[in-house]
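# Inside the fold
What follows is the residue order along each chain.
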Amino acid sequence: MKKSDQTLVTPYGGKLVDLMVKGEEREELLAISSRLPSVQISARALCDLELLATGAFSPLDRFMRKADYERVLTEMRLQDGTLFPIPVTLPLDESALPNWAEQITLSDARNNTIAVMTIEDVYHYDPQREARLVLGTTDPRHPLISEMVRWGKVYVTGELKVIDLPRYYDFVELRRTPAQVRALLEQMGNANVVAFQTRNPMHRIHEELTKRAAEEVHGSLLIHPVVGMTKPGDVDHYTRVRVYKALVENYYDRNSTVLSLLPLAMRMAGPREALWHAIIRRNYGANHFIIGRDHAGPGNDSNGRPFYGPYEAQQMMAQYAGELGVKPVEFKELVYLADEQRYEETNKVPEGAKIYSISGTQVREDYLAKGKQLPEWFTRKETADILQQMYPPRHKQGFCIWFTGLSGSGKSTTAEVLTSLLLERGKQITVLDGDVVRTHLSKGLGFSREDRDTNILRIGFVAGEIARHGGSVICAAISPYRSTRNEARKMVGEERFIEVFVDTPIEVCEQRDVKGLYARARRGQITGFTGVDDPYEAPVNPEITLNTVDFTPEENARKIIAYLEARGFITPDGTNGSENAAEAEAPAAVQPAA
């Protein structure tokens with residue numbers, strides 16, 4: 001068969017959906033849209049809308065109707081029986097919906113008109129039920145769950161006519177629709193295409209794996225990184241795409257490799273999401289898909305255990321591969337054979353061979369955090385230079401100490417001592433105390449759950465901005481609800497967020513209460529008081545737990561100092577630290593094969 005006779009796999013459902021309006025129809029719709037009620041949609045919904053519009057979610061041509069939604073939850077299928085594992089919905093507040101118009105414009109955060117929707121279905125949903133069925137958990141440590149509790153209370157859908165796609169100014173030459181990617185792959189002339197999903201920087205092991213996968217299927221390679229919403233704390237997409245570009249331009253065959261960006265809002269739904277990713281890649285022209293360990297996993301739950309098993313996604317992909325029309329390519333574990341200077345699968349390593357390997361944790365903790373250069377056997381120099389440029393040593397990075405506990409537990413007192421100790425070390429500290437924040441940043445807010453959440457999210461946003469730019473911030477607020485604290489953790493970033501639970505019994509807090517707030521709450525003079533008639537949800541697995549009954553504020557503050565030293569955020573001698581050039585070249589994890 002000649003290459004020109006080979007064609008790509010058909011889109012999922014048979015054809016690519018295209019919701020874009022053009023020409024005169026677009027101009028007419030644009031004029032109409034200016035007279036319609038406008039609704040701002042979230043960043044997540046905007047990603048979904050873009051992929052609906054371009055056919056990446058084919059056969060979906062709108063946000064899901066209730067009948068589709070319900071069957072997807074329980075059976076992973078649309079109403080017509082088509083396999084589809086993830087709900088794609090538009091949550092809105094009922095108050096945002098007009099009672100006089102059948103159509104609304106959907107706008108982005110800057111009020112740019114994106115689409116016109118004809119409202120056909122509005123229905124309530126249960127976020128806990130959806131989380132349990134789709135994510136397999138209701139643990140608020142899951143990044144999507146802590147977000148869902150703040151979504152609008154109804155899902156809305158109807159016919160979509162898309163006027164404009166979201167406007168981007170970065171890497172515009174790599175932002176391609178499914179149709180555009182398919183055209184490039186068709187030109188390469190290979191019927192087989194293997195897609196690689198990534199939300200992390202690529203190292204030599206990924207390079208080797210992707211090249212081998214393309215060779216195995218005798219086809220083309222689609223490197224398809226997610227640049228929409230990924231796991232909070234992931235390396236930002238600007239840094240990652242710089243890495244991808246450097247690798248593709250210098251180390252891949254440009255005649256059989258396509259690098260294109262995917263504006264997907266990930267759900268971190270593990271096995272279900274693996275199927276969804278395969279469907280999306282089929283719409284882009286791939287009929288093979290690389291599945292790694294813990295694919296689309298969000299990390300650990302509140303008890304420190306992974307949300308999903310390491311091979312659940314691979315097993316589910318194998319089960320449904322025939323129906324999906326996409327064959328899974330297992331992400332094989334590779335190690336570096338030092339003497340032969342090549343990578344090999346772990347089950348094919350010669351006995352006694354000297355092997356090198358570095359885990360993702362070691363990359364962060366033993367190299368980037370310490371300012372050490374990653375070795376060239378592990379990653380290309382271009383990648384190492386970009387990562388070092390964007391990620392300074394840990395002692396130069398920002399962090400957030402988040403005190404949580406009952407009123408009177410000792411949060412502010414311990415925070416005050418800790419501030420002095422950190423200033424002594426030369427750290428510049430910002431303190432966001434709950435009472436002070438309510439006087440300024442959150443003036444006018446009450447003590448309803450909604451207002452308390454708003455207050456904590458404001459603190460989290462400010463803390464995240466400070467930490468992201470290298471500052472150190474101490475937050476001391478009751479922050480009674482786990483889901484809201486987890487949302488603050490996402491804003492700051494998992495690596496920089498240190499939750500400190502000041503675990504003081506409520507009877508001790510009452511004894512310390514010089515303002516008499518607990519007594520007034522007990523008499524009913526104050527309502528909604530945390531610990532009395534409003535719940536306090538204690539952290540399940542905080543980084544630090546403090547005992548203020550048996551230990552003084554100074555002893556507890558020094559416990560936090562010791563933790564920061566152990567993590568590398570501050571150096572034991574209080575200096576800026578120094579990196580040993582010889583250490584920078586030392587290989588990690590050298591061991592003989594068994």
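Report follows, based on the coordinates. (Residues numbered from 1 in each chain as written. Predicted model: local features only at pLDDT ≥ 70, side-chain atom pairs only at ≥ 80, totals over all residues. Heavy atoms only, no water.)

Looking only at helices and strands, the chain features 20 helices and 19 strands. In terms of overall dimensions, the chain has a C-alpha envelope of 85 × 75 × 40 Å along the principal axes. Expressed as a percentage of the 594 residues in the chain, the buried residues total 54%. Across the chain, contacts joining residues at least 24 apart in sequence account for 75% of those joining residues at least 6 apart. Of the accessible surface of the chain, which amounts to about 26600 Å², a share of 48% is contributed by carbon and sulfur atoms. Side-chain charges of the chain comprise 72 positive and 81 negative groups, with the mean position of each set lying 1 Å from the other. (Helix = DSSP H or I, 4+ residues; strand = E, 2+ residues; numbered from the N terminus. Buried < 20%, exposed > 50% of the residue type's maximum accessible area, 1.4 Å probe, protein only. Contact = heavy atoms within 4.5 Å. Areas by Shrake-Rupley, 256 points an atom, 1.4 Å probe, with all protein chains shown as cover. Lys, Arg positive; Asp, Glu negative; His and termini not counted. Charge placed at Lys NZ, Arg CZ, Asp CG, Glu CD.)

To continue, consider helix α15 (residues 449-468). End to end, α15 covers 28 Å across 20 residues, agreeing with the expected 28 Å (1.5 Å per residue, within 8%). Within α15, the full set of buried residues consists of R452, D453, N455, I456, L457, I459, G460, A463, G464, I466 and A467. Elements that come into contact with the buried residues of α15 comprise β14 (399-404), β15 (429-433), α14 (434-439), β16 (472-476) and α16 (482-492). In the stretch just after α15, G470 is the one whose phi turns positive, near 90°. (Expected span 1.5 Å × (residues − 1).)

Looking now at the packing of aromatic side chains. Under the criterion given, the structure shown has 15 aromatic pairs. Seen from their ring centres, F307 and Y308 are 6.4 Å apart, and the 45° between their planes marks the pair as tilted. Both residues of the pair, F307 and Y308, belong to the buried class. Where Y336 meets W377, the ring centres are 5.4 Å apart and the plane angle is 25°; that geometry is what we call stacked. Here the residue Y336 occupies a position in strand β11 (residues 334-337), and W377 occupies one in the loop between α11 (360-367) and α12 (381-390), the gap between them amounting to 41 residues. (Phe/Tyr/Trp six-rings, centres within 6.5 Å; stacked < 30°, edge-to-face > 60°.)

Worth remembering: the numbers are spatial, not functional.
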